[in-house]
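Per-entry structural report
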Amino acid sequence: QVQLVESGGGLVQAGGSLRLSCAASGRTFSASTMAWFRQAPGKDREFVAAISWSGGNTNYADPVKGRFTISRDNAKNTVYLQMNALKPEETAVYYCAQGAGRSPAGRAFLYDYWGQGTQVTVST
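A brief look at the structure comes next. (Residues numbered from 1 in each chain as written. Predicted model: local features only at pLDDT ≥ 70, side-chain atom pairs only at ≥ 80, totals over all residues. Heavy atoms only, no water.)

Some points on unusual backbone geometry
The phi torsion at Asn-77 lies on the positive side, around 55°, for a residue other than glycine. Tracing the chain through its elements places Asn-77 in the loop between strand 7 (68–73) and strand 8 (78–83). Positive phi outside glycine occurs at Ala-85, with the angle close to 50°. What makes Ala-85 partly exposed here is its relative accessible area of 34%. (Helix = DSSP H or I, 4+ residues; strand = E, 2+ residues; numbered from the N terminus. Buried < 20%, exposed > 50% of the residue type's maximum accessible area, 1.4 Å probe, protein only.)

Rendered as structure tokens:
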């Protein structure tokens, strides 16, 4: 049974930074692609970033390129999302996801397990 637990969300001013963490249970983490998605109120869930099992390949949504960094520590079964220069429109619940694919894809249906989400609120 895979469980994903996100942490690190909170309230930050525009232009500020946050680091999200996602701790995974189970022995499949080091062989899995991991991703972050987000969902703002009244909007569809959208892809943010993904990382391959080794950490060698990453993929970012265009709006976050250059500001967000996804990384992972397979020894700790944890994936991170460093978010810099945050914008108010990035206020959302951020979800961690785990999938069996070999490439860091941005399609939600490719991910089998999801965390409960962590709220990120960016104030003006």
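Observations concerning the sheet that holds strand 3 (residues 18–24)
An order of 1-3-8-7 is seen for the 4 strands of this open sheet, with the pairing classed as antiparallel. Either end of the sheet is taken by a strand with one partner, and the two such strands are strand 1 (4–7) and strand 7. On average, adjacent strands in this sheet sit at an angle of 15° to one another, irrespective of strand direction. Note that strand 7 and strand 8 share 6 bridges and pair antiparallel. Residue Asp-73 lies in a different strand from strand 8, and its bridge partner there is Thr-78. (Pairing = 2+ DSSP bridges. Axes fitted to C-alpha atoms, helices over the stretch in contact; angles between N-to-C directions.)

A few points about the state of the cysteines
For the structure shown, the criterion picks out 1 disulfide. The disulfide partner of Cys-22 is Cys-96, and the S-S distance across this bridge is 2.1 Å. Between Cys-22 and Cys-96 the sulfur-sulfur dihedral comes to about -75°; the bridge is accordingly left-handed. Here Cys-22 is found in strand 3, whereas its partner Cys-96 is found in strand 9 (residues 92–99), with 74 residues between them in sequence. (Disulfide = S-S within 2.5 Å.)

A word on the nonpolar core
Note on soluble globular proteins: their nonpolar side chains tend to be buried together. Counting residues in hydrophobic clusters, the biggest one holds 34 residues, and the most contacted among them are Trp-36, Val-79, Leu-81, Met-83 and Tyr-94. If you list the elements that add at least two residues to this core, you get strand 3, strand 4 (33–39), strand 5 (46–51), strand 7, strand 8, strand 9 and strand 11 (118–123). The contacts of Val-79, once residues within four sequence positions are left out, are Leu-20, Ser-21, Cys-22, Phe-29, Met-34, Trp-36, Ile-51, Ile-70, Ser-71, Arg-72 and Cys-96. (Core = buried A, V, L, I, M, F, W, Y, C linked by side-chain atoms within 4.5 Å. Contact = heavy atoms within 4.5 Å.)

Points about the side chain of Thr-118
With respect to the element layout, Thr-118 can be found in strand 11. Within polar-contact distance, the side chain of Thr-118 engages the backbone nitrogen of Gly-9 at 3.2 Å. Contact partners of Thr-118, with chain neighbours within four places excluded, come to Glu-6, Ser-7, Gly-8, Gly-9, Leu-20, Ala-92, Val-93 and Tyr-94. (Polar contact = N/O pair within 3.5 Å; in protein donor to acceptor, adjacent residues only side chain to side chain.)

Observations regarding the environment of Arg-38
Tracing the chain through its elements places Arg-38 in strand 4. Along the sequence, Arg-38 and Val-2 sit 36 residues apart, while their C-alpha atoms lie 20 Å from each other. If sequence neighbours within four positions are ignored, Arg-38 has contacts with Asp-44, Arg-45, Glu-46, Val-48, Pro-63, Val-64, Phe-68, Glu-90, Ala-92, Val-93 and Tyr-94. Here Glu-90 takes part through its side chain, which lies 3.3 Å from a polar atom of the side chain of Arg-38. There is a polar contact of 3.0 Å between the side chain of Arg-38 and the side chain of Tyr-94.

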